[in-house]
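Observations on the three-dimensional arrangement
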Amino acid sequence: MKLLVTGGAGFIGSNFIRYILNARPEVAVINVDKLTYAGNLENLAGLEDHPRYTFIHGDIGDRRLMDEIFSRGVDAVINFAAESHVDRSIMDASPFIETNIRGTQVLLDVATEWWRERPAAGQGQPGTAPAVAFIQVSTDEVYGSLGPEGRFTEESPLDPSSPYSASKAAADLLALAYHRTHGLPVAVTRCSNNYGPYQFPEKLIPLMITNALEDRPLPVYGDGLNVRDWLHVEDHCRALELVLYRGRPGEIYNIGGHGERTNLAVVRTILHLLDKPAGLIRFVKDRPGHDRRYAIDPSKITRELGWQPRHTFERGLAATVEWYVKNRPWWERIKSGAYREYYERMYGGR
Ligand code: NAD
Ligand code: TDX
């Protein structure tokens, strides 16, 4: 089963590639990644010569390259490729529109053409062949902000707050429209905030861990009482595997781990785990359009596909903190910029 993974050099994509190669011996992964600042091939170190793994440096918006990749044979696509950081989308929305919307559209067009010629794809036996041909990996942020009560269901209205989440909502609608109009077997997954190994240290949890390890200030936006619903990345990967093999085309699946915490609670726990003083916390200016609360109702994916999170936030966060302590060279090479040389070193001669 040839699986095209886009954006596989990023945080979730690289965790997914390691996960699926291990879990599914029949799967061969083609990873296409543009290697933006967030793409780091060191996340996949050791896989370079794996017999079921191929890396291609490229942009999902490059129609010619996508045609060429599909012509080699692709049984299913998981689209992780995206600009993913809200703060960056506030400073400059252009790359978000370009990759998250136009790039997804190119990928959908190529996938649709390929699927028309091979309609058997996406209609395999549940559990043995992909049940959907295209997974659009999306986010709970497309639903906007919650008040103190309630949780997002798949029926919640789309109400994105940032250019990032607006671009993801647009891509979701495109993917679902390609199902309705062209019959492409698409599923959209909307996951809550992920944490775990290999997360780029601009996101809350790795930024706070690495700053604390360097005794640098921890910038908390606003009053620190915004709530996120944290899910360990491995639980997200398992959910994606289930949707790939058993999901229903045209459906949306919310994924979340009942892991609601305020940012301040998360930051205090990290300081406690590292035995660092609370005095490192700095309250800074709030993010414009900052969503107050996210919380996912995952009952559909639990009911239909039997998914349940396995990691509790307490144990998952402690293991994640330990990973960053043990893998200091990994994040120091990001902070110094040295990680960008890895591609040339490993793939320059190929
Ligand atoms: P990330 O920023 O760590 O990785 C994104 C990857 O996509 C990078 O390797 C980057 O080089 C690549 N990329 C960017 N533009 C590309 C292009 N035009 N063509 C090919 N590759 C390109 O992101 P992440 O946190 O791993 O998120 C992966 C996906 O999951 C995104 O679609 C994001 O919206 C979604 N998501 C993330 C979270 C989260 O908490 N991180 C939660 C829910 C959903
Ligand atoms: O320095 C910081 N200080 C701070 O208080 C940063 C980087 C963040 N925050 C706050 C903002 C949010 O309330 O922490 C919370 C989490 O922020 P991010 O890590 O930037 O994540 P978020 O904005 O919630 O979006 C994330 O989850 C959903 C991912 O970045 C998205 O890609 C995903 O779709």
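**Some points on the pairing of strand β5 (residues 134–139)**
With six of six residues buried, β5 is to be regarded as a mostly interior element. Here β5 shows two buried faces, one formed by F134, Q136 and S138 and the other by I135, V137 and T139. With three bridges joining them, strand β4 (residues 76–79) and β5 adopt parallel strand pairing. Its bridge partner lying in β5, V77 is registered against F134. Across six bridges, β5 lies against strand β6 (residues 186–191) in parallel orientation. Bridge pairing in β6 links T139 to C191.

**What about the pattern of salt bridges?**
Considering all chains together, one arrives at 24 salt bridges under this definition. Where R248 meets E304, a salt bridge forms, and the shortest distance between an N and an O atom there is 2.7 Å. You can see R248 sitting in the loop between α7 (233–246) and β11 (252–255) and its partner E304 sitting in helix α9 (residues 299–305), a full 56 residues away along the chain. Here R248 falls in the partly exposed class, since its relative accessible area comes to 40%. Taking the relative accessible area as the measure of exposure, E304 reaches 28% and is therefore partly exposed. The structure contains a network of salt bridges with shared partners spanning R248, E251, K300 and E304.

**Concerning the packing of aromatic side chains**
Two descriptors summarise a pair of aromatic rings, namely the distance from one centre to the other and the angle between the planes of the rings. For the coordinates displayed, the defined rule picks out 17 aromatic pairs. Ring geometry for W323 and Y324: centres 4.9 Å apart, planes at 80 degrees, overall edge-to-face. Each member of the pair, W323 as well as Y324, is classed as buried. Members of the aromatic cluster, joined through ring pairs, are Y198, W323, Y324 and W330. Sitting over the face of the ring of Y37, R88 holds its NZ or CZ atom 3.5 Å from the ring centroid.

**A word on helix α8 (residues 263–274)**
An ideal rise of 1.5 Å per residue puts 16 Å on twelve residues; α8 measures up with 17 Å between its terminal C-alpha atoms. What α8 keeps buried is the set N263, L264, V266, V267, I270, L271 and L274. One side of α8 carries all its buried residues, which in axial view fall inside an arc of 165 degrees. Turned more than 90 degrees from where α8 packs its buried face, R268 and H272 sit exposed.

**Focus on the site of ligand 2**
The full set close to ligand 2 counts 21 residues, and T139, E141, Y164, R287 and H290 are the nearest of them. Between an oxygen atom of ligand 2 and a main-chain N or O atom of L204, the distance comes to 2.8 Å. Separating an oxygen atom of ligand 2 from a backbone N or O atom of Y221 is a distance of 2.9 Å. Computed on the free molecule, ligand 2 has an accessible area of 650 Å², of which 94% lies beneath the protein chains in the complex. Counted by class, the shell around ligand 2 contains nine nonpolar, seven polar and five charged residues.

**With respect to the site of ligand 1**
Around ligand 1 sit 28 residues in total, of which I12, D33, S84, Y164 and K168 are the nearest. In this structure, a nitrogen atom belonging to ligand 1 sits 3.1 Å away from a main-chain N or O atom of K34. Within the side chain of D59, one N or O atom sits 2.9 Å away from a nitrogen atom of ligand 1. The fraction of the free accessible surface of ligand 1 (840 Å²) that becomes covered by protein chains is 97%. Looking at the shell around ligand 1, the elements that each hand over two or more residues are α1 (11–23), β5 and α5 (163–182). Considering every element that reaches the shell around ligand 1, the biggest residue donor is β5, with three residues. A class-by-class count of the residues in the shell around ligand 1 yields twelve nonpolar, twelve polar and four charged.

**Focus: the nonpolar core**
In this structure, L3, F16 and Y53 are the most contacted members of the largest nonpolar core, which totals 42 residues. Core analysis: the second largest hydrophobic core is formed by 35 residues, W114, A133, L146 and L184 among them.

**Observations concerning unusual backbone geometry**
Here L35, not a glycine, exhibits a phi torsion of approximately 55 degrees, which is positive. Position of L35 relative to the elements: it lies in the loop between β2 (28–33) and β3 (53–57). Non-glycine residue D215 carries a positive phi angle of around 55 degrees.

**Concerning the sheet that holds β5**
Strand pairing in a sheet is mediated by backbone hydrogen bonds. Such pairs are either parallel or antiparallel. Pairing is parallel in the open sheet, where seven strands are placed in the order β3-β2-β1-β4-β5-β6-β11. Edge positions in the sheet fall to β3 and β11, since each of these pairs with one other strand and no more. Taking each pair of neighbouring strands and ignoring which way they run, the sheet shows an average axis angle of 20 degrees. Of the strands in this sheet, β5, β6 and β11 touch α5, which is tilted by about 155 degrees from β5.

**Remarks on the packing of helix α6 (residues 204–213) against helix α11 (residues 328–336)**
In contact at an axis separation of 12 Å, α6 and α11 are set at 95 degrees when each is read in the N-to-C sense. In terms of orientation, α6 and α11 fall into the roughly perpendicular class. Of the residues in α11, those touching α6 at T210, N211 and L213 are R328, W331 and K335. Within the contact of α6 with α11, the residues separate by chemical class into two nonpolar, two polar and two charged.

What counts, and where the lines are drawn
- The numbering scheme is per chain: residues are counted from 1 as the chain's sequence reads.
- The order in which chains are written sets their letters, starting at A; the order in which ligands are written sets their numbers, starting at 1.
- Thresholds applied to this predicted model are a pLDDT of at least 70 for local features of residues and 80 or more for the giving and counting of side-chain atom pairs; totals over whole chains, interfaces and linings are not thresholded and use all residues.
- In computing side-chain properties, one takes all heavy atoms of the structure into account and sets aside hydrogens as well as water.
- Exposed residues in this analysis have more than 50% of their type's maximum accessible area, buried residues have under 20%, and partly exposed residues fall in between, with area computed by a 1.4 Å probe over protein chains only.
- By the criteria applied, helices consist of DSSP H or I runs no shorter than four residues and strands consist of E runs no shorter than two, each listed in order from the N terminus.
- Strand pairing requires that DSSP identify at least two bridges connecting the strands.
- One side-chain nitrogen of Lys or Arg within 4 Å of one carboxyl oxygen of Asp or Glu is enough to make a salt bridge.
- For Phe, Tyr and Trp, rings pair up if their centres lie within 6.5 Å, where Trp contributes its six-membered ring, and each pair is then called stacked (planes under 30 degrees apart), edge-to-face (over 60) or tilted (otherwise).
- In our convention, an over-ring charge means Lys NZ or Arg CZ found within 6 Å of a ring centre and within 35 degrees of that ring's normal.
- Expected span of a helix, by definition, is 1.5 Å for each gap between consecutive residues, and there is one gap fewer than residues.
- By construction, the arc corresponds to the directions joining the helix axis to the C-beta atoms.
- Here a residue is considered near a molecule or strand provided that any single heavy atom belonging to it is located within 4 Å of it.
- N or O atoms within 3.5 Å of each other form a polar contact, as long as, within protein, one can give a hydrogen and the other can take it, and as long as residues adjacent in sequence are counted only when both atoms are side-chain atoms.
- Areas reported as accessible are Shrake-Rupley estimates using a 1.4 Å probe. Residue values count occlusion only from the protein chains shown.
- Side-chain classes follow a simple rule in which Ala, Val, Leu, Ile, Met, Phe, Trp, Tyr, Cys and Pro form the nonpolar group, Asp, Glu, Lys and Arg form the charged group, and the remainder, Gly included, forms the polar group.
- Residues enter a nonpolar core if they are buried and are Ala, Val, Leu, Ile, Met, Phe, Trp, Tyr or Cys, with the set joined through side-chain atoms within 4.5 Å.
- Interaxial angle, 0 to 180 degrees, is taken between N-to-C directions of lines fitted to C-alpha atoms, where a helix line uses only the stretch in contact.
- Two residues qualify as a contact provided that any one of their heavy atoms is within 4.5 Å of a heavy atom in the partner residue.
- Orientation categories follow fixed angle ranges, with anything under 35 degrees roughly parallel, anything over 145 roughly antiparallel, 65 to 115 roughly perpendicular, and all other angles oblique.

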